[in-house]
Every structure is written in structure tokens, then in C-alpha cells.
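These are the residues of each chain, in order.
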Amino acid sequence: MRVSDGRPILGTSDDIAPMVRWLLFVAALVVLIVAVGGITRLTESGLSITQWKPLTGAIPPLTDAQWQAEFARYRQIPQYIDVNGPAGMTLAQYKFIYFWEWVHRLLARVIGLAFALPLAWFWYKRTIPLGYKPRLIALLALGGLQGVVGWWMVSSGLTPEAADRVNHFRLAAHLLVALTTLGGLVWTALDLRELRRGQAPARVTRFSGVVLAMLFFQLFMGAMVAGLRAGYVAGMGWFSMDAWPLMQGSFFPEGVEWAGGALHALVNDPFLTHFVHRWWAWAVVVVLVVMGRRLKGRHARLASIALHSAFGTQVLLGIFTVWSGVALWLAVAHQLCGALLVAATVWGAHCLGRRDQVGLGM
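Residues numbered from 1 in each chain as written. Predicted model: local features only at pLDDT ≥ 70, side-chain atom pairs only at ≥ 80, totals over all residues. Heavy atoms only, no water.

Draft legend 1. Main features of the overall build of the protein chain. Looking only at helices and strands, the protein chain features eleven helices and zero strands. On the principal axes, the C-alpha backbone points of the protein chain span a range of 70 × 55 × 35 Å. Looking at the protein chain as a whole, 51% of its 362 residues qualify as buried. Once local pairs closer than 6 in sequence are excluded, the contacts in the protein chain between residues at least 24 apart make up 76%. When the accessible area of the protein chain is evaluated, it comes to approximately 16,900 Å², of which 69% is carbon and sulfur surface. Across the protein chain, the centroid of the 30 positively charged side chains sits 13 Å from that of the 17 negatively charged ones. (Helix = DSSP H or I, 4+ residues; strand = E, 2+ residues; numbered from the N terminus. Buried < 20%, exposed > 50% of the residue type's maximum accessible area, 1.4 Å probe, protein only. Contact = heavy atoms within 4.5 Å. Areas by Shrake-Rupley, 256 points an atom, 1.4 Å probe, with all protein chains shown as cover. Lys, Arg positive; Asp, Glu negative; His and termini not counted. Charge placed at Lys NZ, Arg CZ, Asp CG, Glu CD.)

Draft legend 2. Spotlight on the confidence of the model for the protein chain. In the predicted model, the protein chain carries a mean pLDDT of 90, and 94% of its residues have values of at least 70. The element-level mean pLDDT for the protein chain is lowest in helix 3 (residues 78–84), coming to 90, with helix 11 (residues 328–352) highest at 96. Here residues 1–9 scores under 50 on pLDDT; set against residues more than four positions off or in separate chains, the count is 24 contacts. Between residues 357–362, whose pLDDT stays under 50, and residues either more than four places distant or in other chains, the model counts 15 contacts. (pLDDT = per-residue confidence, 0-100.)

Draft legend 3. View of helix 10 (residues 301–323). Along its 23 residues, helix 10 runs 33 Å from first to last C-alpha, staying within 8% of the 33 Å computed at 1.5 Å per residue. Taken together, the buried positions of helix 10 are occupied by Ala303, Ser304, Leu307, Ala310, Phe311, Gln314, Val315, Leu317, Ile319, Thr321, Val322 and Trp323. Buried residues along helix 10 sit against helix 9 (270–297) and helix 11. The first or second residue beyond helix 10 is glycine 325, which carries a positive phi of 75 degrees. (Expected span 1.5 Å × (residues − 1).)

Draft legend 4. Structural context of the nonpolar core. Counting 101 residues, the largest nonpolar core has Trp22, Tyr94, Phe115, Leu136 and Leu182 as its most contacted members. Ranked by the residues each element gives to this core, the list is headed by helix 6 (residues 168–196), at 14 residues. The contacts of leucine 182, once residues within four sequence positions are left out, are Ala27, Val30, Val31, Ala339 and Val342. (Core = buried A, V, L, I, M, F, W, Y, C linked by side-chain atoms within 4.5 Å.)

Draft legend 5. Region of interest: the layout of surface pockets. For the second largest pocket, the calculated volume is near 340 Å³. As for the second largest pocket, its lining consists of 17 residues, of which Leu179, Thr180, Gly183, Gly184 and Val346 are closest to the centre. Counting residues per element, the ones that place at least two in the lining of the second largest pocket are helix 5 (133–155), helix 6, helix 7 (206–227) and helix 11. At six residues, the largest contribution of residues to the lining of the second largest pocket is made by helix 6. Considering only residue class, the lining of the second largest pocket consists of 13 nonpolar, three polar and one charged. (1 Å grid on protein atoms, 1.4 Å probe; cavity = no way out; pocket = protein on both sides within 12 Å on 5 of 7 lines; lining within 4 Å. Points joined across faces, edges and corners; volume = space filled by probe spheres on them. Nonpolar A, V, L, I, M, F, W, Y, C, P; charged D, E, K, R; others polar.)

Draft legend 6. The arrangement of the packing of aromatic side chains in detail. Throughout the structure, instances matching the rule amount to 23 aromatic pairs. Measuring from ring centre to ring centre gives 5.4 Å for phenylalanine 251 and phenylalanine 275, while their planes differ by 85 degrees; the resulting arrangement is edge-to-face. Of this pair, phenylalanine 251 sits in the loop between helix 7 and helix 8 (262–268) while phenylalanine 275 sits in helix 9; the two residues are 24 residues apart in sequence, bridging distant segments of the chain. Owing to a relative accessible area of 48%, phenylalanine 251 belongs among the partly exposed residues under this scheme. You can call phenylalanine 275 buried: its relative accessible area is 13%. Between phenylalanine 252 and tryptophan 258, the ring centres sit 6.4 Å apart and the planes meet at 10 degrees, which makes this aromatic pair stacked. In this structure, arginine 75 packs its charged tip against the face of phenylalanine 71, placed 4.7 Å from the ring centre. Here arginine 294 stacks its cationic end above the ring of phenylalanine 207, 4.0 Å away from the centre of that ring. (Phe/Tyr/Trp six-rings, centres within 6.5 Å; stacked < 30°, edge-to-face > 60°. Lys NZ or Arg CZ within 6 Å of the ring centre and 35° of its normal.)

Draft legend 7. Focus on the packing of helix 6 against helix 7. The N-to-C vectors of helix 6 and helix 7 enclose an angle of 140 degrees; their axes lie 8 Å apart at closest approach. Judged by the angle between their axes, helix 6 and helix 7 are oblique. The hand of the helix 6/helix 7 crossing is right-handed. Contacts from His168, Phe169, Leu171, Ala172, Leu175, Leu176, Leu179 and Thr180 of helix 6 reach helix 7 at Phe216, Leu219, Phe220, Ala223, Met224, Ala226 and Gly227. Partitioned by chemical class, the residues of the contact of helix 6 with helix 7 number twelve nonpolar, three polar and no charged. (Axes fitted to C-alpha atoms, helices over the stretch in contact; angles between N-to-C directions. Parallel < 35°, antiparallel > 145°, perpendicular 65-115°, else oblique. Left-handed = near helix turned anticlockwise from the far one by under 90°.)

Draft legend 8. A look at the state of the cysteines. Counted according to the given criterion, the structure contains zero disulfides. Free of any disulfide, cysteine 337 has its nearest cysteine sulfur in cysteine 351, 19 Å distant. Classification of cysteine 337 by relative accessible area gives buried; the value is 6%. In this structure cysteine 351 comes out as buried when scored by relative accessible area, which is 1%. (Disulfide = S-S within 2.5 Å.)

Draft legend 9. Quick look at the pattern of salt bridges. As enumerated under the stated definition, the model contains seven salt bridges in all. For arginine 229, the salt bridge is made with glutamate 44, and the minimal N-O distance between the two is 2.9 Å. In this pair, arginine 229 sits in the loop between helix 7 and helix 8 while glutamate 44 sits in the loop between helix 1 (13–42) and helix 2 (64–74), placing the two residues 185 residues apart along the sequence. Of the charged contacts in the structure, one is a salt bridge between glutamate 194 and arginine 197, with a shortest N-O distance of 3.1 Å. What makes arginine 197 partly exposed here is its relative accessible area of 37%. Where salt bridges share partners, they join Arg193, Glu194, Arg197 and Arg354 into one cluster. (Salt bridge = Lys/Arg side-chain N within 4 Å of Asp/Glu carboxyl O.)

In C-alpha cells, the structure reads:
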């Protein structure tokens, strides 16, 4: 089999189809772990496991003595000393936050195995098309990096000088590596799907590059909002204009700390971070609407519908999250929809970057 530009590949269409399904399955697992990560953050569970044991950590405490030992380690970190200890945290309450962090880490291990084992099998069977091995290795490396960044993030909240939370820059890195991996999985699956049809890989057009860059910045600012707990600073109350579109009754929030300069305030001040995140979203919406129209012009109807559904739902969830005072289920849905928006935008960018002009909505 050969692609349209004449380059040979290994394997057949029947060999490639399982690889497409495999990559999309792993992408779905990444979307799931992003949602679980949101639950972990919002329940303040991320610091409950104070050690990184990539292998043995998959087994939770099984005896009362083991639980007491884990709880004793947790009682030594600032989050317990400054917040949960004075609040009277019990062992049962500790087990609840431990559960979510354990599930989060277990799912990360599952994703690693779900990617690495099939990759080894396809490699052994020599069914990976020429030119795709480096890309798949890069995706595997991103997955490994995600684990390292995850522990790097957690470790920032364990030191004696830490506050009761992880460093928000490290949290942003953790989330963005996951979403970048998601985008890479979706793009590679779509390229392989096109390869089955004898088409060359898609390219990132200049317009799509701008859209992806704007979305990346919005996701970064969303991670800043999460890490700084800035979702609470606008106020709350269902359908309260003072909380949205205003912030504490004003269009531009009062209380922004400018002492360190504008750039410092942008990524460290919760008021300004929240303000930029909520209004930059509309700039992203504009370019996504343009992308949707271009997709319709390229007969990529399904991709256009997915894109509009994702960003429309995401905007509503963001507003409802603020009005609710950051209700857990709404905030998690907002983070989950953000991952789906990444997948939909990558799908749209791939359609616009294809070399052919037909069948883009299939």
C-alpha cells in the first residue's frame, strides 16, 4: 500500500484500523483522567498521598496499621497542619481524599499500560506505518513526562514552606501536558485513518495554528484560575449579574495587586487571572466560529457540529460554575468539556489541513 505521494508503508488497511481504535481509546482515557483530576483538585485530595511509588503505589493500604501510617505522613504536611488538622479531620475523612488521589494515579498507570503494551505489540508485528514510530514514541514520552510532572506538582505542596496547595504553575504544566497528549493522540489517529484511504498526513494550516495557540493560552489561564482558586473571587448567586458578567459588581475587578507588574499579576493575582480567563474565552469563541464555518465549507459537517457543541457547552458551564460558587459537579464538567473542546478543535484543524477536499465529515 502507498499513500498519495508515493511513499510506501508497512502493513495493510486491516493492520491500521486497530491502531486507530487503540489511539482513540487511549484518548478517551485521557479525557477521563482529566475529569478525575478535576475531582481530585476540587476535593483537595491531591496531597493525600505523600509518596511516589510508581509500582507498589498501585496497592492502597489494606490494614488499619497501614492506614494509620499513611495518615501520619499526611499529618506532617502544611495542608493538614494549617487547614485539615484544625478542622478536625478524621481517618474516615482522610480515606475519602486518599481514594480520589489513588484513583487518579491508578488511572494514570492504566493509561500508561494501555498505550505501551499495544505499541509494543504493533511494533513486534511490524504493522506501524513508516514515519509513525517517532510520533508514537513521542506520545509515549509525553505520557511518561506527565507522570513526572504530576509528582513534581504534588511535591510542591509537601515541603514545610508550602501553602495548603500545590504550586499553580506546576498544576498548569500538569494539565497542559495531558491536553497536549490528548491532542497528539487524536491527530495521530486521524492521520492513520486517512492513511487507510491512501491520503497523506494532514498539516497544521496557519489559521489552525492561530486557533490552537489561542485555545492553548485559554487553557493555561484556566489552569491558573484553578491553581489560584480564582473561581471564587467573582462572587456567586444564580443568575446574579454581579458575579457574571460582572465581578463583585464591577466590570473590572477591584483588588488586583499590581506591585509586581502586569505580567506578574496576570499569572499570580486571582482577580486578574479570572478576568482574563473569562473574557479571552470570547476571543477564542470568535475564531472557533470562523473555524466552524470553514469546516462547513470543506463539507466537514460532523467536525463543525462537534466544535460548536463543545465550545457552546464550555461557555455555559463556565458561567454556571461561577454562579454556583464553584459547585463540584459543574466545575468538573467544565474541566471535562475543556478536554472535549481540545479534541474537537484538533479534529477541526485536521480537517482543514487535509490534502483532499471530500469526505471530511466522515
